[in-house]
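# Survey of secondary and tertiary structure
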Amino acid sequence: MSLLRRIERGGGQGGDNDPQEDSKLAQMRRRTPVPPPTSTTVGRPDGSNYLDLKLRVQNKLLAELDSSVDPRSPEVRATIQELFSTILSEESIVLARAERERLFDAVVAEILGFGPLEPLLADDTITEIMVNGPKNIYIERAGNLSRANVTFEDDDHVLRVLDRIVAPLGRRIDESSPMVDARLPDGSRVNAVIRPIALCGPTITIRKFSKRPFTIEDLIRFGSLTPELGEFMRSCVIAKLNIIVSGGTGSGKTTLLNVLSGWIPNDERIVTIENAAELQLRQEHVVSLESRPPNIEGRGEISIRDLVVNALRMRPDRIVVGECRSGEALDMLQAMNTGHDGSLTTAHSNSPRDTLARLEVMCLMAGMDLPVRAIREQIASAVNVIIHQERMRDGTRKIVKVTEVQGMEGDIITMSDIFEFEQTGLEAGKVIGRIRPTGLRPKFIDKIEQAGIRLPPSVFGIGVSRY
């Protein structure tokens, strides 16, 4: 048997072995260097060779990188690039240019960024990222869900990235506190749940926000509203009406709240209150407050309600609460009724009427023994407008109702719809329709006119055919 053939078969096995040839084979093996991994072996996206190489290079980089280097400094990426090239040369690793760049980006993402989430965060077409354990990652594009082509290594890998998100904010997530709300440096909202609460492993939900805040023109272009409705909402904000933006999860409430806040005059003092700061107000005089969870000893919690009460002592012209979820609704209503007109907030609900019912329940959660009628009177006198949004079956977000809260009749809060969405069809899975005025003028039109704004009757559909 030839020596070449023996090498191919592995040599040293079988009944016809020649000791002399075995000796020659052993010498040849000692003299022949092991070939370095080629681009074809390390370049497979999910292959174990690639993962092993990535981990080896990453760990060596972490060992050699100076711990005193500030990850935010512009020189750190160049330092990592230099060490990366040195490590590849020392280990005789040969990679094609594309694979080399891909490996470098993956290693940098692990050391400085958020690991496998980095390419998803960089993709502006993605609006939501959902991590259901290390191997199941989903994304939302244009309102539609799909599975992402990236994964984490294991639960510990997800936890390392999660710790990198929450640690700079002074928050924690562990078995004693397995849920956390946080935000990314770009303002994107993060919610995370880990074991033992999340049975499938660490679960992360990231609501991304556009690097450039959406404007009213963007929402009109998306078909979320009409120019007439945009002009009406602008008038309501300038006239200092109290507005609640309602809707379900992912319906675009925060985006609309950002747009509405953009119309607040620059000479007014604005105090924003949120669980995780995500509003992107462009005015100069803005004070942003953020709630704080309790520490490991269960102390030091600062709730939304605490911040609303404190905001009243800060001489605000406007109070903007990112979302009312609990007893802070009562304090918000009291603020609206004590001279802080023009306040804005959001609430989860299925309709404008449901929004009022939720406000009642949230006020009862404040722990004060108030009769329901007293709460309803507070709501009726405080809230002027409810703007209700929905995510349609085709994934688009639209304003479907704009409702005026008129007052009380007996024990019932009276309301009237000023605008409502009319769906005219469904073509190729896309919802066809338009939000139209109902023909009713709101009772608060006097407040708008006192602010020096004159809205033509056509805005409300008066004198205009609806068809």
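Structure: above.
Numbering of residues starts from 1 in each chain and follows the order in which that chain's sequence is written. Local features in a predicted model are, by the rule used here, given only for residues with pLDDT of at least 70; side-chain atom pairs are given and counted only at 80 or more, and totals for whole chains, interfaces and linings are based on all residues. The basis for the side-chain values is all heavy atoms of the structure; hydrogens and waters are excluded.

### Re the overall build of the protein chain
Selection rule: Only DSSP runs of H or I reaching four residues or more are called helices, and only runs of E reaching two or more are called strands; each is numbered from the N terminus. In what follows, residue pairs with any heavy atoms lying within 4.5 Å of each other are defined as contacts. Only the protein chains shown count as cover for residues, and all accessible areas are computed by the Shrake-Rupley method using a 1.4 Å probe.
Secondary structure assignment for the protein chain yields 16 helices and 15 strands. Residue pairs at least 24 apart in sequence account for 54% of intrachain contacts in the protein chain once pairs closer than 6 positions are excluded. About 23900 Å² of surface is accessible on the protein chain, with carbon and sulfur atoms providing 51% of the total.

### Examining empty space enclosed by the protein
The gaps of empty space that remain are located by a probe, the size of a water molecule, rolled over the atoms. Stated formally: Lining residues are defined by having an atom within 4 Å of a point belonging to a cavity or pocket. Those points lie on a 1 Å grid over the protein atoms alone, cavities being sets where a 1.4 Å probe fits but cannot get out and pockets being open sets with protein on both sides within 12 Å along at least five of seven lines. Grid points are joined across faces, edges and corners, and a volume is the space filled by probe spheres set on the points. Classification convention: Asp, Glu, Lys, Arg as charged; Ala, Val, Leu, Ile, Met, Phe, Trp, Tyr, Cys, Pro as nonpolar; all other residues, Gly among them, as polar.
For the coordinates displayed, the defined rule picks out 1 cavity of 30 Å³ or more. When its volume is computed, the largest cavity comes out at roughly 80 Å³. Forming the walls of the largest cavity are Phe209, Ser210, Pro213, Phe214, Thr255, Asn258, Val259 and Gln280. Looking at the lining of the largest cavity residue by residue, the class counts come to 4 nonpolar, 4 polar and no charged.

### Let's talk about the layout of surface pockets
For the largest pocket, the calculated volume is near 1300 Å³. For the lining of the largest pocket, the elements supplying multiple residues, two or more each, are strand 1 (126-132), strand 5 (189-193), strand 6 (203-207), helix 9 (216-222), helix 11 (253-261), strand 11 (344-348) and strand 13 (397-409). If one sorts the elements of the lining of the largest pocket by residue count, helix 11 sits on top with 5 residues. Each residue belonging to the lining of the largest pocket can be placed in one class, and the counts come to 12 nonpolar, 20 polar and 15 charged.

### With respect to the sheet that holds strand 9 (residues 286-290)
Each strand in a sheet pairs with another by means of backbone hydrogen bonds, the pair being arranged parallel or else antiparallel. The condition that has to hold: Should DSSP find at least two bridges between two strands, the strands are regarded as paired. Orientation is described by lines fitted to C-alpha atoms, with helices fitted over the stretch in contact, and by angles between N-to-C directions that extend from 0 to 180 degrees.
Across the sheet, which stays open at both edges, the 9 strands sit in the order 9-8-10-11-7-12-13-14-15 with mixed pairing between neighbours. With partners counted over all chains shown, the strands left at the sheet margins are strand 9 and strand 15 (430-437), one partner each. Across this sheet, the average inter-strand angle for adjacent strands is 25°, counted without regard to direction. Its contacts with the sheet put helix 11 on strand 7 (243-247), strand 10 (318-321), strand 11, strand 12 (385-391) and strand 13, and the angle it makes with strand 11 is roughly 170°.

### Concerning the packing of aromatic side chains
Quick note on the threshold: Ring pairs are drawn from Phe, Tyr and Trp, using the six-membered ring of Trp, whenever the two centres fall within 6.5 Å, and their geometry is named by plane angle: stacked under 30 degrees, edge-to-face over 60, tilted for the rest. Burial status follows relative accessibility: with a 1.4 Å probe on protein chains alone, a residue under 20% of its type maximum counts as buried, one over 50% as exposed, and anything between as partly exposed.
Tallying each qualifying case throughout the model produces 4 aromatic pairs. Between phenylalanine 232 and phenylalanine 419 the ring centres are 5.3 Å apart and the planes differ by 50°, which places this aromatic pair in the tilted class. Here phenylalanine 419 lies in strand 14 (residues 412-427) and phenylalanine 232 lies in helix 10 (residues 227-238), a separation of 187 residues in the sequence. Taken individually, phenylalanine 232 and phenylalanine 419 each receive the classification buried, so the pair is uniform in this respect. Grouping aromatic residues by their ring pairs yields a cluster made of Phe232, Phe419, Phe444 and Phe460.

### Brief notes about the environment of leucine 55
Mapped onto the secondary structure, leucine 55 falls in helix 4 (residues 48-64). The class for leucine 55 is partly exposed, based on a relative accessible area of 27%. A C-alpha to C-alpha distance of 9.8 Å links leucine 55 and glutamate 110, two positions 55 residues apart in sequence.

### Focus: the environment of glycine 170
Here glycine 170 lies in the loop between helix 8 (155-166) and strand 4 (179-183). A sequence separation of 123 residues divides glycine 170 from proline 293, and the C-alpha atoms of the two residues are 9.7 Å apart.

### Here we look at the sheet that holds strand 5
The 6 strands are arranged 3-2-1-6-5-4 in an open sheet whose pairing can be described as antiparallel. Since the sheet does not close on itself, it has two edges, and those belong to strand 3 (144-147) and strand 4, each with one partner. Adjacent strand axes in the sheet meet at a mean angle of 15°, parallel and antiparallel pairs treated alike. Against the sheet, helix 8 contacts strand 4, strand 5 and strand 6, and its axis sits at roughly 55° relative to strand 4.

### With respect to the packing of helix 14 (residues 352-364) against helix 15 (residues 372-382)
Note the cut-off: For classification, angles of less than 35 degrees are called roughly parallel, those exceeding 145 degrees roughly antiparallel, those between 65 and 115 degrees roughly perpendicular, and all remaining angles oblique. Less than a right angle of anticlockwise turn of the near helix away from the far helix marks a crossing as left-handed, whereas a clockwise turn marks it as right-handed.
For the pair helix 14 and helix 15, the least separation of the axes is 10 Å and the interaxial angle reads 120°. By the angle between their directions, the pair helix 14 and helix 15 is classed as oblique. Of the two elements, helix 14 crosses helix 15, and the hand of that crossing is right-handed. Along its contact with helix 14, which presents Leu356, Leu359, Glu360, Cys363 and Leu364, the element helix 15 presents Val372, Ile375, Arg376 and Ile379. Taken together, the residues of the contact of helix 14 with helix 15 break down into 7 nonpolar, no polar and 2 charged.

### Overview of the nonpolar core
Filter applied, for reference: For our purposes a nonpolar core is just a set of buried Ala, Val, Leu, Ile, Met, Phe, Trp, Tyr and Cys residues, chained together by side-chain atoms within 4.5 Å.
Formed by 41 residues in total, the largest nonpolar core has its most connected members in Leu229, Phe232, Met233, Leu260, Ile387, Ile399 and Ile448. For this core, the leading source of residues is helix 10, giving 5 residues. Counting 34 residues, the second-largest nonpolar core is a separate cluster that includes Ala311, Val321, Ala347 and Val383.

### Digging into the pairing of strand 5
Bridge count between strand 4 and strand 5: 5 bridges; the pairing is antiparallel. Within strand 5, the residue paired with arginine 183 across the bridge is arginine 189. Hairpin connection, strand 4 to strand 5: the antiparallel pair is bridged by 5 residues, and glycine 187 has positive phi, about 95°.

### A closer look at the pattern of salt bridges
Two side chains of opposite charge can pair, provided their charged atoms sit close to one another. Condition: Any Lys or Arg side-chain nitrogen found within 4 Å of a carboxyl oxygen on Asp or Glu counts as a salt bridge.
Scanning the entire structure with this criterion turns up 21 salt bridges. Because the salt bridges share partners, they merge into one network encompassing Glu140, Arg391 and Arg397.

### Quick notes on the pairing of strand 1
Regular strands place their side chains on alternate faces of the sheet. Among the 7 residues in strand 1, 5 count as buried, and that is most of the element. With 5 bridges joining them, strand 1 and strand 2 (residues 137-141) adopt antiparallel strand pairing. Bridge pairing in strand 2 places glutamate 128 opposite glutamate 140. In this antiparallel pair of consecutive strands, strand 1 and strand 2, the connection spans 4 residues, and glycine 133 shows a positive phi of 85°. Here strand 1 runs beside strand 6; their pairing, made up of 5 bridges, is antiparallel. Counted as the bridge partner of isoleucine 129 is isoleucine 206 from strand 6.

### Let's talk about unusual backbone geometry
Between arginine 195 and the following residue, proline 196, the backbone shows a cis peptide bond with an omega angle of 5°. Summarising the element assignment, proline 196 is placed in the loop between strand 5 and strand 6. You will see that lysine 240, though not glycine, has its phi angle at about 60°, which is positive. Here lysine 240 is to be found in the loop between helix 10 and strand 7. Among the residues examined, lysine 240 registers a relative accessible area of 27% and is labelled partly exposed. Unusually for a residue other than glycine, arginine 315 sits at a positive phi of about 55°. Mapped onto the elements, arginine 315 comes out in the loop between helix 12 (304-311) and strand 10. Look at arginine 315 and you get exposed, because its relative accessible area is 56%.

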